[in-house]
Each structure stands twice: as C-alpha cells, then as structure tokens.
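Spelled out from the first residue to the last, the chains are:
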Amino acid sequence: MRIDVDVLVVGGGVAGATAALLLAEQGRQVALVDAQAPASDWPGEDYDPRVIALSPGSAAILEAVGAWPGPWADRMAAYGRMQVHAGRGSIEFKADQHGLQALGWIAEIPALRATLWQRIESNPRIQLFCPDRLGEVELDGPRARARLESGPRLSAELLIASDGARSPLRRLAGIEVDEWHYNQHALIAPVRTERPNDGLAWQRFTDFGPLALLPLADGRSSIVWSQASERTLAQVKMPAEEFLFEINACQDSPMGEVLEVGARHALPLVRRRARRLVQGPLVLLGDAARSVHPLAGQGLNLGLADAAALAECLTPVESLADRGRALDHYQRWRRSASELIGGGIHAINETVRLPAGLGKHLLGAGFMLGQGLWPARELFVERACGFDRDSPALARRARAA
Ligand SMILES: Cc1cc2nc3c(=O)[nH]c(=O)nc-3n(C[C@H](O)[C@H](O)[C@H](O)COP(=O)(O)OP(=O)(O)OC[C@H]3O[C@@H](n4cnc5c(N)ncnc54)[C@H](O)[C@@H]3O)c2cc1C
C-alpha cells in the first residue's frame, strides 16, 4: 500500500517539527519521519546540556504553532542584557533601550522539541512515523517517492530534509556540501558562580576562544567555550578543581568566580553549507541546509526562520504541484541569509584566531566603536532578534506586538 501526502518531512528536530506544523496549518496533509522520539525520561533533574539562545523572532514562530512558551516555561531564562568583550573593548545591549522586554531566552532543546511533538501528536493532519528512517528515495518524478525502513511506501509533492547537520537525505539526493573543519570543540556545562546571573548573557573572546556564560533560570549559567579540540577534550576529562582554575583564569564576568561545574560535554565544530537548498521536490532546512559556529548563537534561529520562510513562500500556492517558483524564492532568500550570517560568524572566528592576539584587539576596537554608535547597535539588535526586513513575517510580528 502507498500513502500519498502533500508533504513528507524527514527529521522532527525543532526546525523540522515546526515546518510540519506550519504546513499542516495551511491545510496540507503531512507525514513526519524521525529516527528517534523525544526522550521519555525528560525533563531530568538538571538542565540538559543542549541549551541555546533563542531570539524573540524565533519565539514568535514557535508561538504561531502553539509551542511557545510551552509547559516547561519555568525552565527558560529571559535575558535582558548582553555583554561581549574582546581585548580591552566591549559592547553592551540592553533590551529596554531597544523597546524590548527581552533580547532572547535560554532554553533547552529537548523542552522545545517535546512541546512541538505534543502539538504534532494532537494534529489530525500529521501522521507520525517514529522511530523510522528512509530506506530509498526517488526524486526524478514530479512527486517524491520514498520507502521507509519499516516497510511503508510514501509519495509526496514536497519532501523536506530537516535531518540535521549530517543529513542522510541530503547525501541520498547527492547534494554537495562545503565544509570548514575548525579543529575546535565547544565545551558545554552548567556552572555555579559567586553571584546569580541576573538575566545577563556574557561572552569574552579569551586567548583560547570565545567563552559564553548564558543565564539559566535557577541563577546558574551554562557555559559554551569554543577552543582548540585538544584543549577542550583535555578539559572535559580533567578533575573539576583543575577546570575551575582554568576557566577562572580566563573569565572576568560580573557573576564573579565560577565555583562549581556540572557534567562537561564536548561537541566538534564544523561549518557546513549545502550547495543547493532545492532539488526537484526536495527542500533542505535547518542544520541540513547549513550549520554555523555557535559563537553568535544563531544556528537554530536560522533553522526556525527557514521553516517560517518556507511556509510563507508556499502560502499562496494552492496545489504543491505548482511549487516551482515558491521554492526558487525560498532558495534565494535562505541562501542569502545563510551567507550573511554564516559568513559573518565565520569571519569573526577567523579574525580572533589571528596570531599574537591581533584579532582579539581588532574585534575589541570594533566593539568600542559600536558601543558609541547607537544606530549600529539598533541594527544589530534588529537582525539578531529576527526583526529585520529579511526575516519571515511570522518572526517580525514579535516587533510589531
Ligand atoms: C555548542 C553549540 C551551541 C549552540 N548554541 C546555539 C544557540 O545559542 N542558538 C541557536 O540558535 N543555535 C545554537 N546552536 C545550533 C543548534 O543547536 C542547531 O542549529 C539546531 O539544534 C539544529 O536543529 P535541527 O532541527 O535543524 O536539527 P537537529 O536538532 O539535528 O534534528 C535533526 C532531527 O533529524 C532526525 N534524524 C537524523 N537522521 C535521521 C534519519 N536518517 N531519518 C529520520 N530522522 C533522522 C534526528 O533524530 C533529529 O530529530 C548551537 C550548536 C552547538 C553545537
């Protein structure tokens, strides 16, 4: 038996699950396939190490599908201030100076995903296939045809690859990817500091790489420290006291000394960029389309903007058989956003790695200049929050509200 749907989404992470819900809202029949259901033992007692900074524009996109703030809102921390330091320079952003309640939220990825899946499970237009994977896929006809590993055959007008940075579907489709291996790993862990975070997101470009302390709802912070792989992998294994000595030698945040560190994890950092985002009935979104260095906290924000942009491009398209121009528009739009943000982040990371601390001081001088120029800071906030003209209409609603 073959199941015919309008849209087949492969990968129900935050980006793919949001796309599935937005397209179901348009009245389309959707099938969602994921290799793994959200963990049933979540939430655990402590925070999940995968916490991210979510922009107000992204929150507005999640709100549009009924997944914000969700049942775990008390585990999310709003941040009203952000400070970034490099060398002797620094720049500070305050939400109230830009007419905002918050510059963003620090949220756990599993909380966002579990909330989205609750919405999906109660949506009559979405059929879930989980745990499952694509066994085969054919993309040369007007409809995509796929066979799942568990047996069912599906056909769809639109096939979405949202199966993460190493996207197996992108590989099956033969789409080439540009990759930059930074030879860096990010160390992530919750930390307790002398003073609570007071809603401050803080970052310093240290001699070893960018170190961020992101506020958690219980007053602690979550660190993301991107450094040479060798150094990070050693820090994950060293005794806690030794790690505390190393981090305190590099950080001077208003929260004071780091007194305690929780479980430490290391994640390899690779920038990836798919050469095309559309191929026949196939569309790439989220990390399957591109993944970026975490120093600006933009990866998932880009993925959610992809989901909203795709839905926006398809809004006027009644039958997805007529999707051609809408998908061309999506590809041009999201490729230029990826280039601007992904390329900008890449350039900053390369600059700070210039020898003899030169890059760090250049960046610090840029921050000092930016601190004195209110229009430059306003422009930055508009883009980082997802309110600029290039953002999808669903995200920009948050600015209008
Ligand atoms: C250290 C670090 C810090 C970060 N901080 C931030 C931040 O502050 N802000 C921010 O916006 N972003 C941040 N990011 C980036 C962010 O984590 C990612 O961009 C985001 O999680 C990607 O979401 P996604 O839904 O595209 O992919 P994923 O979360 O990878 O989801 C992919 C889904 O596809 C499924 N899947 C995989 N293979 C298959 C298959 N064969 N068949 C079916 N399903 C499959 C998986 O089970 C999963 O559900 C950070 C990243 C790192 C590494």
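Residues numbered from 1 in each chain as written. Predicted model: local features only at pLDDT ≥ 70, side-chain atom pairs only at ≥ 80, totals over all residues. Heavy atoms only, no water.

- Within the UniProt record for the chain, the comment given under Sequence similarities (unreviewed entry) is "Belongs to the UbiH/COQ6 family."
- For the record of the chain, the UniProt heading Cofactor (unreviewed entry) holds the text "FAD". (UniProt positions renumbered as here; feature names shortened; annotations may be inferred.)

### Quick word on the site of the ligand
Right, on to step 1. D34, A53, D287, L300 and N301 are the nearest of the 29 residues found near the ligand.
Right, on to step 2. In this structure, an oxygen atom belonging to the ligand sits 3.4 Å away from a main-chain N or O atom of V14.
Right, on to step 3. One of the side-chain N or O atoms of D34 is found 2.7 Å from an oxygen atom in the ligand.
Right, on to step 4. Contact with the protein chains covers 82% of the free accessible surface of the ligand, which is 1,000 Å².
Right, on to step 5. Elements represented by at least two residues in the shell around the ligand include exactly α1 (14-25), β3 (51-54), α3 (109-121) and α7 (299-314).
Right, on to step 6. Sorting elements by how many residues they give to the shell around the ligand places α7 first, with three residues. (Near = heavy atom within 4 Å. Polar contact = N/O pair within 3.5 Å; in protein donor to acceptor, adjacent residues only side chain to side chain. Areas by Shrake-Rupley, 256 points an atom, 1.4 Å probe, with all protein chains shown as cover. Helix = DSSP H or I, 4+ residues; strand = E, 2+ residues; numbered from the N terminus.)

### A look at the side chain of E382
Right, on to step 1. Mapped onto the elements, E382 comes out in helix α10 (residues 374-384).
Right, on to step 2. Taking the relative accessible area as the measure of exposure, E382 reaches 18% and is therefore buried.
Right, on to step 3. Not counting the four nearest positions on each side in its chain, E382 is found in contact with F387, D388 and R399. (Buried < 20%, exposed > 50% of the residue type's maximum accessible area, 1.4 Å probe, protein only. Contact = heavy atoms within 4.5 Å.)

### Topic: the packing of aromatic side chains
Right, on to step 1. Going through the model one piece at a time under the given rule, you end up with four aromatic pairs.
Right, on to step 2. For the ring pair W68 and W105, a centre distance of 5.3 Å and an interplane angle of 70° mean the geometry is edge-to-face. Taken together, the positions of W68 in the loop between α2 (56-64) and β4 (77-79) and W105 in strand β7 (residues 104-108) put the pair 37 residues apart, joining distant regions of the chain.
Right, on to step 3. The class of W68 is buried, set by a relative accessible area of 14%. (Phe/Tyr/Trp six-rings, centres within 6.5 Å; stacked < 30°, edge-to-face > 60°.)

### Side note on the environment of A326
Right, on to step 1. By secondary structure assignment, the location of A326 is in helix α8 (residues 324-352).
Right, on to step 2. Put simply, A326 and A384 are 58 residues apart on the chain and 26 Å apart in space, counted from C-alpha to C-alpha.
Right, on to step 3. Each residue touching A326, except ones within four places of it in the same chain, is listed here: C313, L314 and V317.

### Let's talk about the pattern of salt bridges
Right, on to step 1. As enumerated under the stated definition, the model contains 27 salt bridges in all.
Right, on to step 2. In this structure, the salt-bridge partner of R50 is D48, at a minimum N-O distance of 3.0 Å.
Right, on to step 3. According to the relative accessible area criterion, R50 is partly exposed, its value standing at 44%.
Right, on to step 4. R147 is the salt-bridge partner of E136, the closest N and O atoms lying 3.3 Å from each other. Taken together, the residues span a long stretch of sequence, with E136 in strand β9 (residues 134-138) and R147 in strand β10 (residues 144-148) at a distance of 11 residues.
Right, on to step 5. With relative accessibility at 41%, the residue E136 sits in the partly exposed group.
Right, on to step 6. One salt-bridge network, in which partners are shared between bridges, spans E176, D178, R273, R275 and E339. (Salt bridge = Lys/Arg side-chain N within 4 Å of Asp/Glu carboxyl O.)

### Re the pairing of strand β13 (residues 200-206)
The two faces of a sheet get side chains in turn, since along a regular strand they alternate between them.
Right, on to step 1. Burial within β13 is extensive, with seven of its seven residues counted as buried.
Right, on to step 2. Burial of β13 is two-sided: the residues L200, W202, R204 and T206 facing one way and the residues A201, Q203 and F205 facing the other way are all buried.
Right, on to step 3. Of the pairings in the sheet, the one linking strand β5 (residues 81-86) to β13 comprises six bridges and is parallel in character. If you follow R81 over to β13, its bridge partner there is L200.
Right, on to step 4. With antiparallel pairing between neighbouring strands as the criterion, β13 and strand β14 (residues 209-215) make up a hairpin whose turn holds two residues. (Pairing = 2+ DSSP bridges.)

### A few points about the sheet that holds β7
Strands belonging to one sheet form pairs held by backbone hydrogen bonds; the direction of such a pair is parallel or antiparallel.
Right, on to step 1. On the basis of which strands lie adjacent, the open sheet formed by three strands has the order β3-β7-β4 and antiparallel pairing. At either end of the open sheet lies a strand with only one pairing partner, and these are β3 and β4. The mean angle between the axes of side-by-side strands here comes to 25°, regardless of whether they run parallel or antiparallel.
Right, on to step 2. Pairing of β4 with β7, which is carried by three bridges, proceeds in the antiparallel orientation. Residue Y79 lies in a different strand from β7, and its bridge partner there is G104.
Right, on to step 3. Across the sheet, α2 lies against β3 and β7, angled at about 95° from β3, the strand it touches most.
Right, on to step 4. Packing of α3 onto the sheet brings it into contact with β3 and β7, and relative to β7 it is tilted by some 85°. (Axes fitted to C-alpha atoms, helices over the stretch in contact; angles between N-to-C directions.)

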